[in-house]
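As a plain string of letters, each chain reads:
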Amino acid sequence: MKRAHAAARFLLVSILLFTLIVTALAQRPASRPAPAYPAALVTELRQLQQAALASDYAYTQVAHLCNNIGPRLSGSPQAAQAVDYVAAELRRLGLQVQLERVMAPHWVRGVETGELVEFKGQAPNTTQKIILTALGGSTATAAEGVTADVVVVNNFEALRSLGRERVAGKIVLFNAAYDKQMAAQGFAFDAYGQAVVYRGNGASEAARLGAVASLVRSVGSADYRLPHTGALRYAEDAPRIPAGAVTAEDADLMAYLAAQGRLRMHLTLTPQTLADVESYNVVADLKGSEHPEQVVIVSGHLDSWDLGTGAIDDASGVAVAMQVANLFKQLKLRPKRTLRVIAWMNEENGLRGGVAYAKDFAAQLTNHVAAIESDSGPGHPTGLSGHAGDAAIEMLRPLAQILLSQGAGVLRQTKDAEGADVSPLDAAGVPTFAPVQDVRHYFDYHHTAADTLDKVNPRELAENAAVVAALAYAIASLPDALPR
Ligand SMILES: [Zn+2]
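The structure presented is a predicted model; accordingly, all values stated were derived computationally and were not measured. (Residues numbered from 1 in each chain as written. Predicted model: local features only at pLDDT ≥ 70, side-chain atom pairs only at ≥ 80, totals over all residues. Heavy atoms only, no water.)

Trainee: Can you break down the packing of aromatic side chains residue by residue, with the values?
Mentor: Evaluation of the coordinates by the stated rule reveals 12 aromatic pairs. When the centroid spacing of 4.2 Å and the interplanar angle of 20 degrees are considered together, the rings of Tyr 357 and Phe 361 count as stacked. Side by side, Tyr 357 and Phe 361 carry an identical accessibility label, which is buried. Ring centres 4.9 Å apart and planes at 75 degrees place the aromatic pair Tyr 442 and Phe 443 in the edge-to-face group. There is no split in this pair, since Tyr 442 and Phe 443 are both buried. Here the aromatic residues Tyr 178, Phe 189, Tyr 192, Tyr 442 and Phe 443 are joined through ring pairs into a cluster of three or more. The ring centre of Tyr 445 lies 5.0 Å from the NZ or CZ of Lys 455, which sits over that ring. (Phe/Tyr/Trp six-rings, centres within 6.5 Å; stacked < 30°, edge-to-face > 60°. Buried < 20%, exposed > 50% of the residue type's maximum accessible area, 1.4 Å probe, protein only. Lys NZ or Arg CZ within 6 Å of the ring centre and 35° of its normal.)

Set out below in structure tokens:
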């Protein structure tokens, strides 16, 4: 009887316990709690973070790339010099360096001038100078330039509504303003995205209606009468007409005068597209101790536009990637998985490097655990973002907690590839990551002559190196590979 009573009580307790467990499981949030990192890993991540914040190595690399080497447009002697320099430096750090061949486009800027030669209220024998620059890949006008009437439109719809008859033989100006308020509120890349379609597609849209040249209002946020260059894309089905970017101030001037009556412009652009040049991605490995076949990429792009020296776009990204390797060596940290530093070639006007890598390493991409790229300038980082699955993001939560100590605790899941060069890897299923940064002023200088070393704040660059180094080390050292 006593025994029977004990058995009944045991059954009752068992049912109660089972019910409790089931209820607890049902109430558990969909995402699992972040797994704790091994204590040794937490210590190493804090060491890396502190060492990065105390180091000027990344800044020294940006300075060399910008000041000693200079602008690094694809196909230029400086781009070649930068490849040699970064490869030699990564070899010096003890990495296994390979140069991956990339056939790079070779476009060179020529004369670029503009004058308004006829407009309402004009003083005799005067013109108004227009400050402009050719868009990357643009064809040339005749050497003596072209003189034509200007039509100003705010968008593609307005252009199409004019029809061929009012566009043929003219110079079209796309006067779509970069949304500064949007940028000021932290959405600079959204503001850029809305305006940059005219830089990319404007020339072909105008050419389809018979325009002789196409101009775009510079895509950028600062009012220092700076023209912002950048690549255009000629459509297969449209004539290739010369294209440039005028400063925001000059776009306003042209729109003002065009609204008053006939506006004629003399435009000279004489860039040239030369034969492709053999160039390289620099690919440098620090082999993993346990899973050398598993790869974690840290990267930036080595090429830049030619107007400035490419300090924020993207010597900073390359320098941060180099600094990751430097810190691992300095602290004698060897992760389980392979750290692969890549300095990409030709992000700006072709993406040939990123495309070549995804093709050349296609057979190994299932073993690419993550690809990190820094290509949004060196502004203060507030955390990191990834185009990765829920489980992968959750695995990085303890890292975000560590980075919170430097004000970089944001962990954001995004919908798109975290960088142009890593986008072919992203398309192949590789999780991609980037630091989340203060980009409110990035487009002040982006693709202008003012993208120079002074725009890099050494402290903020070091903060970026700390975020990227800790991210790369965590992914390369966690017991389990980041899930896809
Ligand atoms: Zn860039």
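Trainee: Tell me about the coordination of the zinc ion, residues and numbers included.
Mentor: Around the zinc ion, the protein contributes the donor atoms His 301 (NE2), Asp 313 (OD), Asp 375 (OD) and Asp 375 (OD), which lie 1.9 to 2.7 Å from the metal centre. Around the zinc ion sit four donor atoms; with metal-centred angles ranging over 51 to 146 degrees, the donor geometry is irregular. Judged by relative accessible area, Asp 313 falls into the buried class, the value being 3%. When its relative accessible area of 15% is taken as the criterion, Asp 375 is described as buried. (Donors = N, O, S within 2.8 Å, 3.2 Å for Na, K, Ca; no water. Tetrahedral: all angles 85-135°; square planar, octahedral: opposite > 155°, others 65-115°.)

Trainee: Break down unusual backbone geometry for me, with residues and values.
Mentor: Following Asp 313, the chain continues to Asp 314 via a peptide bond in cis, the omega torsion being 5 degrees. Inspection of the secondary structure assignment puts Asp 314 in helix α9 (residues 311-330). The phi angle at Asn 125 is positive, at roughly 60 degrees, despite the residue not being glycine. Tracing the sequence through the fold places Asn 125 in the loop between β2 (112-118) and β3 (128-130). Exposure remark for Asn 125: the relative accessible area of 85% places this residue in the exposed category. At Lys 332, a position not held by glycine, the phi torsion is positive, near 55 degrees. (Helix = DSSP H or I, 4+ residues; strand = E, 2+ residues; numbered from the N terminus.)

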